[in-house]
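Understanding the architecture of this molecule
Each chain is listed here by its residues.
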Amino acid sequence: MAAKLDYHWHLRKVMADRGMFSTTDLLPPLKERSITLSTSQVYRLVVERPERLSLKILMALLDILDCTMDDLIEPIAAAGAVKKPKKAAASGSAPDAEGLGGLRPKRARIRGVDRP
């Protein structure tokens, strides 16, 4: 089974590395490339991780920021993608609590106090 992938979006960091600290700094360079986005769309593009992104916008960002796709998008393994193998039930004994094994504390034994 293929591993599930996810990604980190580094547009804000790349912009900061280039001295662009405001999301509206992208508006004029995008407009020069015939891409018209509202200020709220540019804000969401910078601040949030886009789920769908036009290739024209992506290519414009790469050109504006003079970077590669590796700088903007970092592939990572999706959280929870690694499945643990199922454990076989132990016959005749109680199963370990969620794989604690030897880390499980010993049960306390309380004895009566001998009084004179």
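First things first, this report covers the structure right here in the doc. Given the structure is predicted, the values throughout are model-derived calculations rather than measurements. Sequence order as written defines the numbering, with residues in each chain counted from 1. In keeping with the model being predicted, local features are shown solely for residues with a pLDDT of at least 70 and side-chain atom pairs are shown and tallied solely at 80 or more, while totals for entire chains, interfaces and linings include all residues. Here the side-chain values reflect all heavy atoms present in the structure, with hydrogen atoms and water set aside.

1. So, the side chain of Thr23
The test is simple: The helix count covers DSSP runs of H or I at least four residues long, the strand count covers runs of E at least two residues long, and both are numbered beginning at the N terminus. The rule is simple: take the accessible area with a 1.4 Å probe, protein chains only, and divide by the maximum for that residue type; under 20% is buried, over 50% is exposed, in between is partly exposed. Contacts are assigned to residue pairs that have any heavy atoms within 4.5 Å of one another.
Here Thr23 is to be found in the loop between α1 (11-17) and α2 (27-32). Look at Thr23 and you get buried, because its relative accessible area is 18%. With near-sequence residues (within four places) excluded, Thr23 lies in contact with Met15, Val42, Tyr43 and Val46.

2. Regarding the layout of surface pockets
Empty pockets left among the atoms are what a rolling probe the size of a water molecule brings to light. Inclusion rule: Buried and open spaces are told apart on a 1 Å grid over the protein atoms alone, a cavity being a set of points where a 1.4 Å probe fits but cannot get out and a pocket being an open set with protein on both sides within 12 Å along at least five of seven lines. Residues with an atom within 4 Å of a point are the lining residues. Grid points are joined across faces, edges and corners, and a volume is the space filled by probe spheres set on the points. When residues are sorted by character, Ala, Val, Leu, Ile, Met, Phe, Trp, Tyr, Cys and Pro go into the nonpolar class, Asp, Glu, Lys and Arg into the charged class, and all the rest, Gly among them, into the polar class.
As a volume, the largest pocket reaches approximately 220 Å³. Together, Leu37, Gln41, Arg44, Leu45, Glu48, Arg49, Pro50, Glu51, Arg52, Leu53 and Ile57 line the largest pocket. For the lining of the largest pocket, the element with the highest residue contribution is helix α3 (residues 39-47), accounting for 3 residues. Considered class by class, the residues forming the lining of the largest pocket number 5 nonpolar, 1 polar and 5 charged.

3. Notes on the nonpolar core
Put simply, the test is: Think of a nonpolar core as a cluster: buried Ala, Val, Leu, Ile, Met, Phe, Trp, Tyr and Cys residues, connected wherever their side-chain atoms sit within 4.5 Å.
Grouped together as the largest cluster of nonpolar side chains are 22 residues, with contacts concentrated most on Leu11, Leu26, Leu30, Leu61, Leu65 and Leu72. Broken down by secondary-structure element, the contributors of at least two residues to this core are β1 (5-9), α1, α3 and α4 (55-65). With 7 residues, α4 is the single largest residue contributor to this core. Those residues in contact with Leu30, other than ones at most four positions away along the chain, are Ile35, Leu37, Val42, Ala60 and Ile64.

4. A word on α3
Here is the rule: As used here, the arc belongs to the directions running from the helix axis to the C-beta atoms.
Among the residues of α3, Val42, Leu45 and Val46 are the ones counted as buried. Mapping the buried residues of α3 onto a view down its axis gives an arc of 95°, with all of them on the same face. Tucked inside the fold, the buried residues of α3 contact β1, α1, α2 and α4.

5. Overview of α4
Filter applied, for reference: Polar contacts, as counted here, are pairs of nitrogen or oxygen atoms within 3.5 Å of one another; within protein the pair requires one atom able to donate a hydrogen and one able to accept it, and residues that are adjacent in sequence qualify only if both atoms are side-chain atoms.
Burial in α4 covers these residues: Ile57, Leu58, Ala60, Leu61, Leu62, Ile64 and Leu65. In this structure, the buried residues of α4 make contact with β1, α1, α2, α3 and α5 (69-72). For α4, the capping residue at the N-terminal end is Ser54, with a side-chain oxygen 3.2 Å from the backbone nitrogen of Lys56. Just beyond α4, the residue with positive phi is Asp66, at close to 50°.

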